[in-house]
Amino acid sequence: MRIGPVELERRPTPSWNWVLTVSALAILLALALAAVIFWSYGVSPLRAYAVIIRGTLLNARALPEIVRNMIPLLLAGVGLVLAFRALFWNIGAEGQILLGATAATWVALFSPVPDGWKLPVMFLAGFIGGAAWGLIPALLRLRFAVNEVISTLMMNYIAVYLVSWLIHGPWKGPEMRGFAFTDAFPEAAQIPVIPGTRIHWLTLLLGIALAIAVAFLLKRTRAGFEIRVQGENADAARYAGIDPARTLLLVMIVAGGAAGLAGVGEVAGIHRRLLDPNQISLGFGYAAIIVAWLARGSPLAVVLTSLFLGIVFASGDVMRVALQMPARVTDVFNGLILFCLIGSERLLYWRVRWAGHP
Amino acid sequence: MTSARDAAGGSTPPLLLLEDITKRFPGVVANDHVTLEVRAGEVHALLGENGAGKTTLVKILYGIHQPDGGRIVLRGRPVRVRSPHDALGLGIGMVPQHFLLIRRHTVAENVSLGLAGTPAFFPTRQVERRLIELGAQYGLAVDPRAPVWSLSISEQQRVEILKALLRGAAILVLDEPTSVLTPQEAQSLFAVLRRMTAEGHAVIFITHKLDEVLAAADRITVLRKGRVVGTLLAAGADRRMLARMMVGRDVEFRLSRIAARGDGEALQVEDVSALSHRGLAALRGVSFTVRRGEIVGVAGVAGNGQSELVEVVTGLRRATGGRVRVLGRDVTNGNARAVLEAGVAHIPEERMRTGIVGTMSVAENLVLRRYRYAPFSRGLLLDPKAITGFAQRMITEYAIATPDARLPAHALSGGNVQRLILARELSGDPALIVAAHPTSGLDISATEQIHSLLLRRREGGAGVLLVSEDLDEVLALSDRIAVMFEGQLMALVPAAEADRERLGLLMTGQRP
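Owing to the predicted nature of the structure, the values given are computational and were not obtained by experimental measurement. (Residues numbered from 1 in each chain as written. Chains lettered and ligands numbered in written order. Predicted model: local features only at pLDDT ≥ 70, side-chain atom pairs only at ≥ 80, totals over all residues.)

Turning next to the domain arrangement of chain A. All names here are of chain A. As far as domains go, chain A holds domain 1 (1-43 + 329-358) and domain 2 (70-324). Summarising the inter-unit geometry, the C-alpha centres of domain 1 and domain 2 are found 29 Å apart. Listed as interface residues are 11 residues of domain 1 and, on the opposing side, 12 residues of domain 2. Those elements giving two or more residues to the side of domain 1 that touches domain 2 turn out to be helix 1 (16-40) and helix 14 (329-343). Here the element with the most residues in the side of domain 1 that touches domain 2 is helix 14; it accounts for eight residues. Grouping the constituent residues of the side of domain 1 that touches domain 2 by class yields seven nonpolar, three polar and one charged. (Domains from an automatic or database assignment. Contact = placed C-beta atoms within 7 Å. Helix = DSSP H or I, 4+ residues; strand = E, 2+ residues; numbered from the N terminus. Nonpolar A, V, L, I, M, F, W, Y, C, P; charged D, E, K, R; others polar.)

What follows concerns the interface of chain B and chain A. Facing 23 residues of chain B, the contacting portion of chain A comprises 18 residues. Counting residues per element, the ones that place at least two in the side of chain B that touches chain A are helix 11 (336-341), helix 12 (351-355) and strand 18 (381-382) of chain B. Taken together, the residues of the side of chain B that touches chain A break down into 14 nonpolar, five polar and four charged.

A few words now on the sheet that holds strand 16 (residues 344-347) of chain B. Residue and element names in this part refer to chain B. With respect to topology, six strands assemble into an open sheet ordered 16-19-20-13-21-22, the strand pairing being mixed. Every other strand in the sheet has two partners, leaving strand 16 and strand 22 (488-494) as the edge strands with one partner each. Direction aside, the axes of adjacent strands within the sheet are offset by 15° on average. Both strand 16 and strand 19 (residues 432-436) contribute to a ladder of four bridges, which runs parallel. Bridging from a neighbouring strand, His-346 pairs with Val-434 of strand 19. (Pairing = 2+ DSSP bridges. Axes fitted to C-alpha atoms, helices over the stretch in contact; angles between N-to-C directions.)

Residues and elements named next belong to chain A. On the secondary structure map, Phe-185 appears in the loop between helix 6 (148-168) and helix 7 (201-220). The buried category is assigned to Phe-185, around which 22 C-beta atoms lie within 10 Å. As for Phe-185 and Thr-105, which are separated by 80 residues in sequence, their C-alpha atoms are 7.8 Å apart. Not counting residues up to four positions away in its chain, the partners in contact with Phe-185 are Ala-108, Leu-109, Gln-190, Ala-268, Arg-272 and Arg-273. (Buried ≥ 20, exposed ≤ 12 C-beta atoms within 10 Å, placed from the backbone.)

Here it is as structure tokens:
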């Protein structure tokens, strides 16, 4: 195909270099579009980017905040990579995070679990909570062919209102005098942090371990083979005798559970209580979609892409503090990146060549 | 072999001359200085294997591709064809292999669509009249008011031909027109083509079937690997000669058959009924058996229940009634895995869509249906070493052309994909092989290889259920032939007693 002097040729498998190039171009385009927003907000885009870079990449004290934001993105992102590999469009990581947080809170505040066992049981409960929340849309799809994009998204709202109801109602902390919080978690239910930072390293290690485990699952196990076949070609999966229900349930247990773990990290590592859903997750469940998309199906690449989105989140803080922009500017930023990434997707399958004038 | 000039004979300028056409695609020269001369009043066959460049050449003629070199001369004048619109303006019409009709619209509506001079109101009035006239003139009767979905495939093909004629096509290109027709329907198509050439039209007819070329064409141009091997008169040609020109070597037509060993029943189908994916009755009480060491061929026009039969037997579709037994084991409504484990190999109909996972490696595709068994899996883990070793062996044994077992399977050509599928399916030493259209779209070499593999398995005692729309294939390979029509078995006859005419009648539901 020819458009003016440019010749386009289809290619079945994009090379890694080309994937990187296109992804980088998409992010640059998003930054250029964001510049328009800065400019319309009355901030010079050049100054804005200079402030952001100075405030994040060039600032040693910003690093812990980048990593702090990276942790939930890593956990939820790895889960989403797995779901997307099976072609289950899970938009519900946000709700799964909240359910993980809720389950962990119950263990921390209301269960008779002995202190020494509190943290492990909280992680386990968070995993189960997230997995259960993720299984509902999976079952709806298997049983009634309900589109999971809609159902997972709607499950997020249910989770938000569930948490709101808990903190305003039955779980509202008696010691909190009118604030809609639960009581603070006891010491034994708090994840240790690297001193002077908000990096709850236990959750970080868990995230890295999960990324490795999911990579191994996909590459070296029978279940992973089934997930890949199911996601790449459902007809061939049927022909190969693969049970789509088993595959999907496994995928959503891991994906929902991973997001649940992220929720545990947020309440037990950062806030130490259950609080307003918008404060528990700063949209990590949605940003994790970008993380997974950028990682192009590779669980290990999520370590890098979650770091990148961690920087975006940290820039949001810089913009808020140094440029007096609204906190939600991060969401705008994330939206633009995802928009450009998905918009550039088709470009991956074309080779662009300068052909000169006809 | 005669050159184009000699065969042209007289000195009248040709209606159409494609001169020195060259077209390159990345990594391949699809047309290499191809010259084709077409005269008014002739049926000119373009014969060649898949990938010989036939379709590319007519796409250039029809303005879909632009040539990298060469020119098109129409009635002695050089022309440029930039788009199908240009082509139609120049009187070049095309009947594509896959029809471009809107199923819910009527024949007249389909024909009016995009037709210049169609009035904005009651657009089909005039067209309906013209359709009836043209239909009578060429023997292409179709009810202009019938919706396309209610038409048979051969009627839809007529609509495509009428579409081109109504647009004033003097040159009509037909791309593999007989692949969807019964022998009788093909004969009547050839009669239509003869009427058209008698009126001074020229017909370019793309095919890889030798018998059709001899039956329908006046002159034949053979292409091989993008080049013209020669142009000759059909009158002086024979199968052997054409096959040699097409393939570049001698082709063995007769397959050697020896008595097979093994007895007992590989497959028993008893009174099986099933619905199509649209919920209509697709199989109505089908019963037959396939013995070990026997090939049962299933002939029929596409869409008469063959696909559903294969799916029921392989566990991919529920039977609404009846029983399916493999080696005596009841697998009715078991899933694909149960059937697989009973010892059934399945060479699926749509090899690219169902048979492989294009994005996964050749090695992984070679174990696509066996990954969960030893030695490819140990416990819950895959054994990459065993998989790679097996893949290397299969690539050598089945001559799968791939530089590396780690390459994605979609990098393979159609013939090599089919070799991959056969390697995978036959390596498990199956007792029953269900092969759906195993050679459709493949070149002669791959077809020969697949035929001999199936015969060898038969000799080794496997039962083979062969579904094919290629009657020659069914006749050449089968011990017994079943003919399906509207979900029923019309007949199950020993191959020795079958001939094309009789099968053709059965395929249209008539008992001779």
